[in-house]
Amino acid sequence: MRHKGVDKQATRQKMLEAASCCFRKHGYAGIGVDGLSKAAGVTSGAFYSHFGSKDGAFNLALAAGLDEVIIGVPRFQNEHGTEWVKVFTDYYLGQQHMADLETGCAMAALTPEVVRFGAEVHQAFEEKMTLIAELVAQGLSGESPEDCLARAWSMLAVLIGGLNIARAMQSAQASKTVAEAIKVAVINAAGETGVVELA
């Protein structure tokens, strides 16, 4: 029986957003169900009722985080045309995004966590990352679709690794130096961009 005034879907979304922020900030091992529940403002019983387990919450948080990228890449392409790679890279390696662990990119924050999971999570990750790479490739220009896809993977790898290295630096100057170097490497990895048609 639904309690009057309680929106189950809104509560679930609130819990998912809290779990996503917590996993990105603390890592999977860095926070437990009690911490996740507290961050969402619910009881641990409510947490288990919605997600079944900590693993269940992580799987959903990972999917939601990668979906943000799946939505975001075409938006950058549509809004910035052939300049989209530069604009996206400036955003991705910008100071604000680098400092924002909680709501920053799930690719950078959660990929190291995926490595520790089993085949099911790896498969779900692969499917969404493959879609992201394909979307990136659509905004590149090359000799063949395979060439564009290869450069898309290179671009993503440099972005994800570069962001993590820049974030790990102690001094702001070292972080900035890394970020600026990575920006050049990303643009070189991406190569020529294509004309992206508005959706």
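Everything that follows concerns the structure shown earlier in this document.
Basis of the calculations
- Counting restarts for each chain, with residues numbered from 1 along the sequence as it is written.
- Under the rules for a predicted model, residues below a pLDDT of 70 receive no local features and side-chain atom pairs below 80 are neither given nor counted, while totals for whole chains, interfaces and linings still include all residues.
- To get the side-chain values, take all heavy atoms of the structure and skip hydrogens and water.
- Under the DSSP-based scheme used, a helix requires at least four consecutive residues in state H or I and a strand at least two consecutive residues in state E, with every element numbered from the N terminus.
- Categorising residues by exposure relies on relative accessible area from a 1.4 Å probe, with only protein chains included: less than 20% of the type maximum marks a residue as buried, more than 50% marks it as exposed, and the intermediate range marks it as partly exposed.
- Only heavy atoms matter for contacts: two residues are in contact if any of them lie within 4.5 Å across the pair.
- The nonpolar core is taken to be a set of buried Ala, Val, Leu, Ile, Met, Phe, Trp, Tyr and Cys residues, with the residues joined through side-chain atoms within 4.5 Å.
- To count as a disulfide, a pair of cysteine sulfur atoms needs to be within 2.5 Å.
- Any Lys or Arg side-chain nitrogen found within 4 Å of a carboxyl oxygen on Asp or Glu counts as a salt bridge.
- Each Phe, Tyr or Trp ring (for Trp, its six-membered ring) is paired with any other whose centre lies within 6.5 Å, and the angle between the two planes then decides the class: stacked below 30 degrees, edge-to-face above 60, tilted in between.
- Our definition puts a charge over a ring when NZ of Lys or CZ of Arg is within 6 Å of the ring centre and also within 35 degrees of the ring normal.
- Here an angle of 0 to 180 degrees is reported between the N-to-C directions of two axes, which are lines fitted to C-alpha atoms, with helices fitted over the stretch in contact.
- If an angle is under 35 degrees, it is roughly parallel; if it is over 145, roughly antiparallel; if it lies from 65 to 115, roughly perpendicular; otherwise it is oblique.
- Each residue receives one of three labels: charged for Asp, Glu, Lys and Arg, nonpolar for Ala, Val, Leu, Ile, Met, Phe, Trp, Tyr, Cys and Pro, and polar for the others, Gly being one of them.

1. Brief notes about the overall build of the protein
Consideration 1: Along the protein, the regular secondary structure elements total 10 helices and 0 strands.
Consideration 2: Each principal axis of the C-alpha distribution contributes one length, and for the protein these read about 60 × 40 × 35 Å.
Consideration 3: Split into buried and exposed, the 199 residues of the protein put 42% on the buried side.
Consideration 4: In the protein, of all internal contacts separated by at least 6 residues, the share reaching a separation of at least 24 is 69%.

2. A look at the nonpolar core
Consideration 1: F23, W84, Y92, M107, I132, V136 and M155 are the most contacted members of the largest nonpolar core, which has 57 residues in total.
Consideration 2: Excluding anything up to four places from it in sequence, M155 contacts W84, V85, F88, V136, V186, A189 and A190.

3. Section: the state of the cysteines
Consideration 1: Scanning the entire structure with this criterion turns up 0 disulfides.
Consideration 2: Of all cysteine sulfurs, the one in C22 lies closest to C21, which takes part in no disulfide; the gap is 6.9 Å.
Consideration 3: Here C105 is not disulfide-linked; the sulfur of C21 is the nearest cysteine sulfur, at 13 Å.
Consideration 4: In this structure C105 comes out as buried when scored by relative accessible area, which is 9%.

4. A short note on the pattern of salt bridges
Consideration 1: A full pass over the atoms with the stated rule returns 8 salt bridges.
Consideration 2: Residues D90 and K183 are paired through a salt bridge, measuring 3.8 Å at the closest nitrogen-oxygen approach. One end of the pair, D90, is in helix α5 (residues 84–92); the other, K183, is in helix α10 (residues 172–190), with 93 residues separating them in the sequence.
Consideration 3: Judged by its relative accessible area of 31%, D90 falls in the partly exposed class.
Consideration 4: On the accessibility criterion, K183 (14% relative accessible area) is buried.
Consideration 5: A salt bridge links R116 to E113; the nearest nitrogen and oxygen atoms lie 3.8 Å apart.
Consideration 6: Given a relative accessible area of 64%, R116 falls into the exposed group.
Consideration 7: For E113, a relative accessible area of 14% puts it in the buried group.

5. Describing the packing of aromatic side chains
The description of an aromatic ring pair rests on the distance of the ring centres and on the angle between the ring planes.
Consideration 1: All told, the structure shown has 12 aromatic pairs when counted by the stated rule.
Consideration 2: A centroid spacing of 4.6 Å and a plane angle of 5 degrees characterise the contact between F58 and F117, whose relative ring orientation is stacked. With F58 in helix α4 (residues 54–80) and F117 in the loop between α7 (106–114) and α8 (119–138), this residue pair connects regions lying 59 residues apart in the sequence.
Consideration 3: A residue is classified by how much of its surface remains accessible, and F58, at 0% relative accessible area, is buried.
Consideration 4: Ring centres 6.5 Å apart and planes at 50 degrees place the aromatic pair F88 and Y91 in the tilted group. Here the residue F88 and the residue Y91 both occupy positions in helix α5, the gap between them amounting to 3 residues, near one helical turn.
Consideration 5: Assessed through its relative accessible area of 43%, Y91 is described here as partly exposed.
Consideration 6: One aromatic cluster is present, built from ring pairs that chain together F76, W84, F88, Y91 and Y92.
Consideration 7: In this structure, K54 packs its charged tip against the face of Y28, placed 4.1 Å from the ring centre.

6. Brief notes about the environment of H50
Consideration 1: Relative to the assigned elements, H50 resides in helix α3 (residues 44–51).
Consideration 2: Linking H50 and A108, residues 58 residues apart in sequence, is a C-alpha distance of 26 Å.
Consideration 3: Setting aside residues no more than four positions away along its own chain, H50 makes contact with K8, T11, R12 and M15.

7. A word on the packing of α4 against α8
Consideration 1: Relative to each other, α4 and α8 sit at 5 degrees, their axes nearing to 9 Å. The angle between α4 and α8 falls in the class roughly parallel. Where α4 abuts α8, its residues F58, N59, L62, A63, L66, D67, V69, I70, V73, P74 and Q77 lie against V121, F125, K128, M129, L131, I132, L135, V136 and Q138.
Consideration 2: Grouping the constituent residues of the contact of α4 with α8 by class yields 15 nonpolar, 3 polar and 2 charged.

Everything listed is a geometric property; what it means functionally is a separate question.
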